[in-house]
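Below, each chain spelled out in residue letters.
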Amino acid sequence: MKGLIILSNGFEDVEALATIDLLRRAKITIDMVSIDKDLSVQTSHGVIIQAEKTLKDINLNDYSFLVIPGGKAVFNTLVDSRVVESMVEFFNKKNQLIACICAAPMVLGKMGLLRDKEYVCYPGCENETFEGTYKENENVVRVDNIITSKACGTVFDFALEIIDYLLGSVASKRIKNEIYFNWFIKYFLI
């Protein structure tokens, strides 16, 4: 099983990197793919990341899931990108996982993929034309082959839900315990 995460200038640092980290801890292969012209991609907070591949280096048939982080990249590039839309269509037609966090569910909403479905996104982005049911009090929503999440503060829930979808609850609980997720919640978020 192998997935790809789309990186474009302005992607949200934590949403992408924490997701990559947790998936790789679970032994899930995920390639960092720049949809820009070169491998160097700048995060929304000015960190330069070296992607592993560009679009010309990949064959979508080699992948079984797609992750799209949020950040300025969604507004600057992704939501109007025919390339991203084609990638989403490819995975959706095969009923493969598409996971979007923060503003990235706007890509799915614009394409009509959230119609009549529950979803979550960054507060304020739900005013776009999603035609679904916004679950304001949820951190992560999973419906069929789509996982949506609210923001960088929910990235652990997001990544763990992806692991649960791909490998099952035993694997996601193992990673949750390995990173002391419940300890962090108990002592820092009370």
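Here is a short report on the structure shown in this document. Given the structure is predicted, the values throughout are model-derived calculations rather than measurements. (Residues numbered from 1 in each chain as written. Predicted model: local features only at pLDDT ≥ 70, side-chain atom pairs only at ≥ 80, totals over all residues. Heavy atoms only, no water.)

### Overview of the overall build of the chain
Part 1 of the argument: Per the secondary structure count, the chain includes seven helices and eleven strands.
Part 2 of the argument: For 190 residues, the compact-globule formula gives about 16 Å, and the C-alpha radius of gyration of the chain, at 15 Å, lands near that figure.
Part 3 of the argument: With the C-alpha coordinates aligned to their principal axes, the bounding extent of the chain is approximately 40 × 35 × 35 Å.
Part 4 of the argument: Split into buried and exposed, the 190 residues of the chain put 51% on the buried side.
Part 5 of the argument: Of the contacts formed within the chain by residues at least 6 apart in sequence, a portion of 62% connects residues at least 24 apart.
Part 6 of the argument: About 9,200 Å² of surface is accessible on the chain, with carbon and sulfur atoms providing 49% of the total.
Part 7 of the argument: Within the chain, one finds 21 positive and 25 negative side-chain charges whose respective centroids are separated by 5 Å. (Helix = DSSP H or I, 4+ residues; strand = E, 2+ residues; numbered from the N terminus. Rg over C-alpha atoms; globule rule 2.2 N^0.38 Å. Buried < 20%, exposed > 50% of the residue type's maximum accessible area, 1.4 Å probe, protein only. Contact = heavy atoms within 4.5 Å. Areas by Shrake-Rupley, 256 points an atom, 1.4 Å probe, with all protein chains shown as cover. Lys, Arg positive; Asp, Glu negative; His and termini not counted. Charge placed at Lys NZ, Arg CZ, Asp CG, Glu CD.)

### Remarks on the environment of Glu89
Part 1 of the argument: One can find Glu89 in helix H3 (residues 82-93).
Part 2 of the argument: Ignoring any residue separated from it by four or fewer positions in sequence, one finds Glu89 in contact with Arg82 and Met111.

### Quick word on the pairing of strand E10 (residues 140-143)
Regular strands place their side chains on alternate faces of the sheet.
Part 1 of the argument: Two elements, E10 and strand E11 (residues 146-149), share four bridges in a ladder whose sense is antiparallel. Bridging across to E11, Val141 finds its partner in Thr148. (Pairing = 2+ DSSP bridges.)

### With respect to helix H5 (residues 155-167)
Part 1 of the argument: With 13 residues, H5 extends 18 Å from end C-alpha to end C-alpha; this agrees with the ideal 18 Å at 1.5 Å per step.
Part 2 of the argument: Inspection of H5 places Val155, Phe158, Ala159, Leu160, Ile162, Ile163 and Leu166 among the buried residues, and these make up the whole buried set. (Expected span 1.5 Å × (residues − 1).)

### Points about the side chain of Asp31
Part 1 of the argument: Tracing the backbone shows Asp31 in strand E2 (residues 29-34).
Part 2 of the argument: Dropping the residues within four chain positions of it, Asp31 is found in contact with Lys2, Gly3, Leu4, Ile5, Glu52, Lys53 and Tyr63.

### Overview of the sheet that holds strand E5 (residues 53-54)
Part 1 of the argument: Pairing in this open sheet of seven strands is mixed, and the strands run E5-E2-E1-E6-E7-E11-E10 from one edge to the other. Since the sheet does not close on itself, it has two edges, and those belong to E5 and E10, each with one partner.
Part 2 of the argument: Relative to strand E7 (residues 97-101), strand E6 (residues 65-68) runs parallel, the two sharing four bridges. Across the sheet, residue Val67 finds its bridge partner in E7, namely Ala99.
Part 3 of the argument: Set on the sheet, H3 makes contact with strand E1 (2-7), E6 and E7; between it and E6 the angle comes to about 140 degrees. (Axes fitted to C-alpha atoms, helices over the stretch in contact; angles between N-to-C directions.)

### Structural notes on the packing of H5 against helix H6 (residues 169-178)
Part 1 of the argument: Put simply, H5 and H6 touch, their axes get as near as 7 Å, and they point 145 degrees apart. Relative to H6, H5 is oriented so that their crossing is right-handed. Every residue of H6 that contacts H5 at Leu160, Ile163, Asp164 and Leu167 is listed here: Ser169, Ala171, Ser172, Ile175 and Lys176.
Part 2 of the argument: Of the residues belonging to the contact of H5 with H6, the class tally is five nonpolar, two polar and two charged. (Left-handed = near helix turned anticlockwise from the far one by under 90°. Nonpolar A, V, L, I, M, F, W, Y, C, P; charged D, E, K, R; others polar.)

### Let's talk about the packing of helix H1 (residues 13-25) against H5
Part 1 of the argument: At a closest axis distance of 9 Å, the pairing of H1 and H5 adopts a crossing angle of 40 degrees. Between H1 and H5, the angle falls in the class oblique. The way H1 lies across H5 gives a crossing that is right-handed. On H5, the residues touching Val14, Glu15, Ala18, Thr19, Leu22 and Leu23 of H1 are Val155, Phe156, Phe158, Ala159, Ile162 and Ile163.
Part 2 of the argument: Each residue belonging to the contact of H1 with H5 can be placed in one class, and the counts come to ten nonpolar, one polar and one charged. (Parallel < 35°, antiparallel > 145°, perpendicular 65-115°, else oblique.)

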